[in-house]
Every structure is written in C-alpha cells, then in structure tokens.
Amino acid sequence: MNSMAQIPRKGSIKSEGVRHQLAACVQKMMLTIAMAVISWQAQAQQAFTLRQCIDTALRRNIPVQQSGLQADRARIRWQQSKMNMLPDLNGNLSYGWNQGRVIDPFTNVFIDQQLNSSNVGLSSNVMLFSGLQMQNAIRQNSFAYEASKFDWQQAQDNLTLSVLLTYLQVLSNEDLV
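Residues numbered from 1 in each chain as written. Predicted model: local features only at pLDDT ≥ 70, side-chain atom pairs only at ≥ 80, totals over all residues. Heavy atoms only, no water.

A. Spotlight on unusual backbone geometry. Positive phi is not limited to glycine here, since asparagine 108 has a value of about 60°. Structurally, asparagine 108 is set in the loop between strand E1 (88–103) and strand E2 (110–125). Located in the positive-phi region is leucine 132, a residue other than glycine, with phi close to 60°. With respect to the helices, strands and loops of the structure, leucine 132 is situated in the loop between E2 and helix H4 (133–176). (Helix = DSSP H or I, 4+ residues; strand = E, 2+ residues; numbered from the N terminus.)

Right, here's the structure in full:
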C-alpha cells in the first residue's frame, strides 16, 4: 500500500475538514487557558494596606531606584577621593631563560650559551603637596554625596506622598459608591 494515498492533499475536502477541526481545537484550548488565567487573577487580587502600597511603590519605582544608584555612585566617588591620599605601591618580578649559539666576541667562534636573567622592581609614589587639591576634592565629593542622599530621600518622600494621596482617593471613591 502506498502511504501517500492516506495523507490528505491540500485543497481536498478531507484536508479542509482536518484544518477546520484543528482550528476549532486550538480555539477551545486558547479559550480554556484564557479563562483559567482570568479566574486565577481574580482569586489573586487582594486588598493592600497603605504600608504595602508604599513599600511596593518604593521597591518598584524606577526613578527612586535610579536616585539610590546615584547616591551609591557619589559615595564611591567620595571614598575614592579619600583613597587618593594614600601612597601607591607597585611591584614586578620577571625571570628569563635563553639558550642558544652565539659568537664569542673574544675568539670569534660559535659557542653554546645559556643565559638566565631575573629582574625585581618595587616603586611607590606619595603626593606630598598638591595645593590642597586632594583635600578640596574630598570635601566636594563629600558634599555631593550628602546632596545625593537628600535627593534620594526626597524622591522617596515624593513617591510616598503620591501613593498616600492616591490611596486616599481610592478610599474616598469607595465611600461614594
């Protein structure tokens, strides 16, 4: 028997019937999934307290998060400016080994030679005086850090106030209903 004879051809009545049944089945499945999601969301809804609303808003608000990151960045700049006052210390160590033929400069004859070399280095830098530039940079970065903390607190306070007013508006609208 030829297996090709059992497969419905495109455009045949059998093929159109199978496609129609498949489309109906997919629609039923999509409708069932949509109903399950809607009923799950309806059950998942709960009443939030004012504290929960404020905490959720502070956790998920992008401008407040960005303001917090700017405060962290300012703190790191301030710490780095303090660290710039410290001396730096650098060290290195290297070792080399070569083997081969070279011309002896005294006898002008090729000789086999092995050469071992090593190098050790240590350096340190200390800024003795820079016209109080580093101290002023520390103060500037300290003030910038304090300002960024206040900006972050203000963003949190503004969001809290906005959530509070919206929460009170919702309660007022519920009382009117």
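Picking up after the structure, the text goes on.
B. Region of interest: helix H3 (residues 62–83). Taking 1.5 Å as the rise per residue, H3 with 22 residues should run 32 Å; its terminal C-alpha atoms sit 31 Å apart, in good agreement. Listed in full, the buried residues belonging to H3 are Val64, Ser67, Gly68, Ala71, Ala74 and Ser81. Viewed end-on, H3 has its buried residues packed into an arc of 140°, placing them on one side of the element. Among the exposed residues of H3, those oriented more than 90 degrees off its buried face are Ile62 and Leu69. Buried-residue contacts for H3 involve helix H2 (50–60) and H4. (Expected span 1.5 Å × (residues − 1). Buried < 20%, exposed > 50% of the residue type's maximum accessible area, 1.4 Å probe, protein only. Arc of directions from axis to C-beta. Contact = heavy atoms within 4.5 Å.)

C. Region of interest: the pairing of E2. Direction of pairing for E1 relative to E2: antiparallel, over a ladder of 16 bridges. Directly across from arginine 101, in E2, lies its bridge partner aspartate 112. Linking two consecutive strands that pair antiparallel, namely E1 and E2, is a turn of 6 residues; a positive phi of about 60° is found at asparagine 108 within it. (Pairing = 2+ DSSP bridges.)

D. Fine view of the nonpolar core. Counting 5 residues, the largest nonpolar core is built from Ile54, Ala57, Val64, Leu159 and Val163. Of all elements in the fold, only H2 and H4 reach the threshold of two or more residues within this core. Contact partners of isoleucine 54, with chain neighbours within four places excluded, come to Thr160 and Val163. (Core = buried A, V, L, I, M, F, W, Y, C linked by side-chain atoms within 4.5 Å.)

E. The pattern of salt bridges, seen in detail. Per the counting criterion, the structure on display carries 3 salt bridges. Measuring nitrogen to oxygen at the nearest pair gives 3.1 Å for the salt bridge that ties arginine 51 to aspartate 55. With arginine 51 and aspartate 55 both in helix H2, this residue pair falls 4 residues apart, about one helical turn. With a relative accessible area of 31%, aspartate 55 lands in the partly exposed category. Between aspartate 112 and arginine 101 there is a salt bridge, with its nearest N and O atoms 4.0 Å apart. Note that aspartate 112 is positioned in strand E2 and arginine 101 in strand E1, a separation of 11 residues in sequence. Look at aspartate 112 and you get exposed, because its relative accessible area is 66%. Here arginine 101 falls in the exposed class, since its relative accessible area comes to 58%. (Salt bridge = Lys/Arg side-chain N within 4 Å of Asp/Glu carboxyl O.)

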